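Residue strings, one per chain:
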Amino acid sequence: MRKARRQSPEGLLKHNLDMCSRHGDLLEALRLYEEARRDGVNLALHHYNVLLYLCALDGERDSNLQRGFDIFQSMVMDKVVPNEATFTSAARIAAAKEDPDMAFDLIKQMKGFGIVPKLRSYGPALFGFVEKGMAERAYEVDSDMVANGVVAEEAELAAILKVSVTAKHAHKVYETMHRLRAAVRQVSEATAGIIEGWFKCETAAKVGEENWDVRKVKEGVVRGGGGWHGQGWLGSGEWKVVRTQMDGAGICHSCGEKLVSIDIDPKETENFATSLTNLACQKEVKADFVRFQEWLQKYGPFDAVVDGANVGLVSMHTFSFYQLNSVVKQLRQMSPSKRLPLIILHKNRVTGGPAQHPNNKKLLEHWKNSGALYATPPGSNDDWYWLYAAVSCKCLLMTNDEMRDHLFQLLGTTFFPRWKEKHQIRLSVSQRGPTLHMPPPYSIVIQETEKGSWHVPTITGDNLETPRQWLCATRPRDTSLQDP
């Protein structure tokens, strides 16, 4: 039956259109479409979606965009019920025709079909209005996103920031800076350029509270949990904007202000540990992971957890127990209780290869007898184990894993980067041996100080070799009202 469906005219058309989609071949797709209409083939949702996708993709020529609209109209006439992908492609065609109003109208039509728009659905309208410098219309799209529970990411926030700077809407720039702080934390080079442009413009020099209430600003900092106050632009006059770095203590090389460390709510950590357990139990053999949790209850908590496989391989061609042991010893020395950290290693690492060497065997036996070694079972992903151990023990995590792959993306973008920043120890290896790099004593996030200056971290230089680049924006004088 499945074979018959594949070989039916509709099935063959689907296969051929999918091939066109794979190769970006709009002309052939349009030829197939005309042929199908002529031969009376019933076009379904998938057929139309592929055609609209290709028309949106090849938006250089007006004729292709018009064909896209004609196909969309045919779909409506044929009473084929559209989905989110249909409307998003149609909105992209509208945006390519430089008609963001139509793109926005299509989003409103989606709701009439009971379809919830996605972030990508809003892009054509939002970016279209921004390109035309239509700030108020861009804000309408943004408000609609918020009303539908769609969370803007850096690209969307940067677009709102850009149009607000152009429109000289200082209050909107301020609001969007705080949205970037909460949602993005470290900005791309393109976004940093927009922020830099704002601080250098005439409008920025003209706005700001000259005589602000210090007490109110301090209250704002406490209420926000540190690192920002939310009381609006402070100070007056031109801004001094420079690219700079922070020293090890979080002191700005340019203005000398010290960045703060923003605490994490313990309840958030608890909720994160629960969601981590749920995900791990879906991805791993549940009985194996529950067994590990029980083991951790018995032998924990620890002051540090070591991703053994990662540490044993840093700057090495083959796994080195000597290097791993050297790091373990350093962590033990640093531990307030002087106890061994928890070493997580895959079962294969504990039984095969270098583990068979008498010295390594002895070492493994010592760690095991001390309740400091856990061997993850065959077929498991040890990432879940070391991450859960570090989160549930509220302790440091020793790994050079940047934790950026699919597994870590499942954990979301709000809590996890903040947790990682405060708990990850990194390792560098030189001829003198391994060196541990502790988490920074400050938060790598956009910070607004009580004096009204701003520090914006960029993603440039996010490793041990290259110091991170920051944008520092300050005003020359402090004219605030002092406490009475």
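All figures in this text were calculated on a predicted structure; none of them were measured in a lab. (Residues numbered from 1 in each chain as written. Predicted model: local features only at pLDDT ≥ 70, side-chain atom pairs only at ≥ 80, totals over all residues. Heavy atoms only, no water.)

*Asks:* Which parts of the structure should I look at to understand the sheet that holds strand E4 (residues 373-376)?
*Replies:* Neighbouring strands of a sheet are bound in pairs by backbone hydrogen bonds; such pairs are parallel or else antiparallel. One open sheet accounts for six strands, arranged E4-E3-E2-E5-E6-E7; its pairing is mixed. Two strands close off the open sheet at either side, each with one partner strand: E4 and strand E7 (433-437). The mean inter-strand angle of the sheet, taken between neighbouring strand axes irrespective of direction, is 25°. Helix H18 (residues 321-334) rests against strand E2 (304-307), strand E3 (342-346), strand E5 (396-398), strand E6 (424-430) and E7 of the sheet, and its axis sits at about 45° to E7. (Pairing = 2+ DSSP bridges. Helix = DSSP H or I, 4+ residues; strand = E, 2+ residues; numbered from the N terminus. Axes fitted to C-alpha atoms, helices over the stretch in contact; angles between N-to-C directions. Contact = heavy atoms within 4.5 Å.)

*Asks:* I would appreciate a short explanation of the packing of aromatic side chains in the present structure.
*Replies:* How two aromatic rings sit relative to each other is given by the distance of their centres and the angle of their planes. Counted according to the given criterion, the structure contains 25 aromatic pairs. Note on Trp-295 and Tyr-299: the rings are 4.8 Å apart at their centroids and 35° apart in plane angle, and the pair reads as tilted. Note that Trp-295 and Tyr-299 are positioned in helix H16 (residues 286-299) at a spacing of four residues, about one turn of the helix. Residue classification places Trp-295 among the buried residues on the basis of a relative accessible area of 16%. Aromatic rings pair up to connect Phe-289, Phe-292, Trp-295, Tyr-299, Phe-302, Tyr-374, Tyr-385 and Tyr-388 into one cluster. The ring centre of Tyr-139 lies 4.6 Å from the NZ or CZ of Lys-172, which sits over that ring. (Phe/Tyr/Trp six-rings, centres within 6.5 Å; stacked < 30°, edge-to-face > 60°. Buried < 20%, exposed > 50% of the residue type's maximum accessible area, 1.4 Å probe, protein only. Lys NZ or Arg CZ within 6 Å of the ring centre and 35° of its normal.)

*Asks:* I keep staring at the pattern of salt bridges and nothing clicks. Help me out?
*Replies:* Opposite charge on two side chains allows them to pair when their charged atoms are near. Counted by the stated rule, this structure contains 26 salt bridges. One salt bridge in this structure joins Arg-137 and Glu-140, with 2.7 Å as the shortest N-O distance. Here Arg-137 and its partner Glu-140 are both found in helix H9 (residues 135-147), three residues apart, which amounts to about one turn of the helix. A single salt-bridge network, built from bridges that share partners, covers Glu-189, Glu-196, Lys-200 and Arg-243. (Salt bridge = Lys/Arg side-chain N within 4 Å of Asp/Glu carboxyl O.)

*Asks:* Explain the confidence of the model for the chain to me, please; I cannot follow it from the model alone.
*Replies:* It should be kept in mind that the predicted coordinates are not to be read in detail where pLDDT is low. Averaged over every residue, the pLDDT of the chain is 91; the share at 70 or more is 95%. Note on residues 478-484: pLDDT is under 50 here. Beyond four places in sequence and across chains, it has 14 contacts. (pLDDT = per-residue confidence, 0-100.)

*Asks:* Even after reading the chapter, I still don't get the side chain of Glu-284, so can you show me in this structure?
*Replies:* Along the chain, Glu-284 turns up in the loop between helix H15 (266-283) and H16. Although Glu-284 is buried, it forms no salt bridge, and the closest oppositely charged side chain is Lys-283 at an N-O distance of 9.5 Å. Looking at Glu-284, its side chain comes within polar contact range of the main-chain nitrogen of Asn-381, at 3.0 Å. When residues no more than four places from it in sequence are discounted, the contact partners of Glu-284 are Ser-380, Asn-381, Trp-384 and Tyr-385. (Lys, Arg positive; Asp, Glu negative; His and termini not counted. Polar contact = N/O pair within 3.5 Å; in protein donor to acceptor, adjacent residues only side chain to side chain.)

*Asks:* Just checking my understanding: could you explain helix H6 (residues 84-96) for this structure?
*Replies:* The end-to-end C-alpha separation of H6 is 18 Å, in line with the 18 Å expected for 13 residues at 1.5 Å each. Listed as buried for H6 are Glu-84, Thr-86, Phe-87, Thr-88, Ser-89, Ala-90, Ala-91, Ile-93 and Ala-94. Those residues of H6 hidden inside the fold are in contact with helix H4 (45-57), helix H5 (62-77), helix H7 (100-112) and helix H8 (119-131). The N-capping residue of H6, defined by a side-chain oxygen 3.2 Å from the backbone nitrogen of Ala-85, is Asn-83. A positive backbone phi angle near 60° is found at Glu-98, which sits one or two residues after H6. (Expected span 1.5 Å × (residues − 1).)

*Asks:* Is there a simple way to think about the sheet that holds strand E10 (residues 470-474) in this case?
*Replies:* Pairing is antiparallel in the open sheet, where four strands are placed in the order E1-E10-E9-E8. Either end of the sheet is taken by a strand with one partner, and the two such strands are strand E1 (240-244) and strand E8 (447-448). Sheet topology places strand E9 (residues 454-457) next to E10; four bridges connect them, and they run antiparallel. Each residue of the ladder has a partner; that of Val-456, found in E10, is Leu-471. Each of E8 and E9 touches helix H11 (residues 170-183); the most contacted strand, E9, lies at about 45° to it. In the packing of helix H12 (residues 189-200) onto the sheet, the strands contacted are E1, E9 and E10, and the crossing angle to E1 comes to about 155°.

*Asks:* I tried to follow the nonpolar core on my own but got confused; where do I start?
*Replies:* Soluble globular proteins tend to pack their nonpolar side chains together in the buried interior. Grouped together as the largest cluster of nonpolar side chains are 75 residues, with contacts concentrated most on Met-177, Ile-195, Trp-198, Phe-199, Trp-233 and Trp-454. Sort the elements by how many residues they give to this core and H4 lands first, with seven residues. If we skip the residues at most four places from it in the chain, Phe-199 touches Met-177, Ala-204, Trp-233, Trp-239, Val-241, Trp-454 and Ala-473. Val-305, Ile-344, Ala-390 and Leu-397 belong to the second largest nonpolar core, which has 34 residues in total. (Core = buried A, V, L, I, M, F, W, Y, C linked by side-chain atoms within 4.5 Å.)

*Asks:* Is there a simple way to think about the packing of H4 against H6 in this case?
*Replies:* When two helices pack together, their arrangement is given by the angle between their axes and by how far apart the axes lie. At their nearest, the axes of H4 and H6 sit 9 Å apart, and the two run at 25° to each other. Our classification of the angle between H4 and H6 gives roughly parallel. As H4 runs across H6, the sense of the crossing is left-handed. Where H4 approaches H6, its residues Leu-45, Asn-49, Leu-52, Tyr-53, Cys-55 and Ala-56 are matched on the opposing element by Ala-85, Thr-86, Ser-89, Arg-92 and Ile-93. Residues belonging to the contact of H4 with H6 are distributed by class as follows: seven nonpolar, three polar and one charged. (Parallel < 35°, antiparallel > 145°, perpendicular 65-115°, else oblique. Left-handed = near helix turned anticlockwise from the far one by under 90°. Nonpolar A, V, L, I, M, F, W, Y, C, P; charged D, E, K, R; others polar.)

*Asks:* Help me understand the environment of Asp-25 in this model?
*Replies:* Structurally, Asp-25 is set in the loop between helix H2 (9-23) and helix H3 (26-38). Among the polar contacts made by the side chain of Asp-25, one reaches the main-chain amide nitrogen of Glu-28 at a distance of 3.1 Å.

*Asks:* Is there a simple way to explain the environment of Ile-344 in this structure?
*Replies:* Residue placement: Ile-344 occurs in strand E3. Measuring from C-alpha to C-alpha, the distance between Ile-344 and Ala-309 comes to 7.8 Å, with 35 residues separating the pair along the chain.

*Asks:* How should I be thinking about helix H21 (residues 382-392) in this particular structure?
*Replies:* Side chains that are three or four residues apart share a direction in an α-helix, a result of its 3.6 residues per turn. For H21, the buried fraction is high: 10 of the 11 residues fall into the buried class. Taken as a whole, H21 has its buried residues at Asp-382, Asp-383, Trp-384, Tyr-385, Trp-386, Leu-387, Tyr-388, Ala-389, Ala-390 and Val-391. Its side-chain oxygen 3.0 Å from the backbone nitrogen of Asp-383, Asn-381 forms the N-cap of H21. Backbone geometry just after H21 places Lys-394 at a positive phi near 50°.

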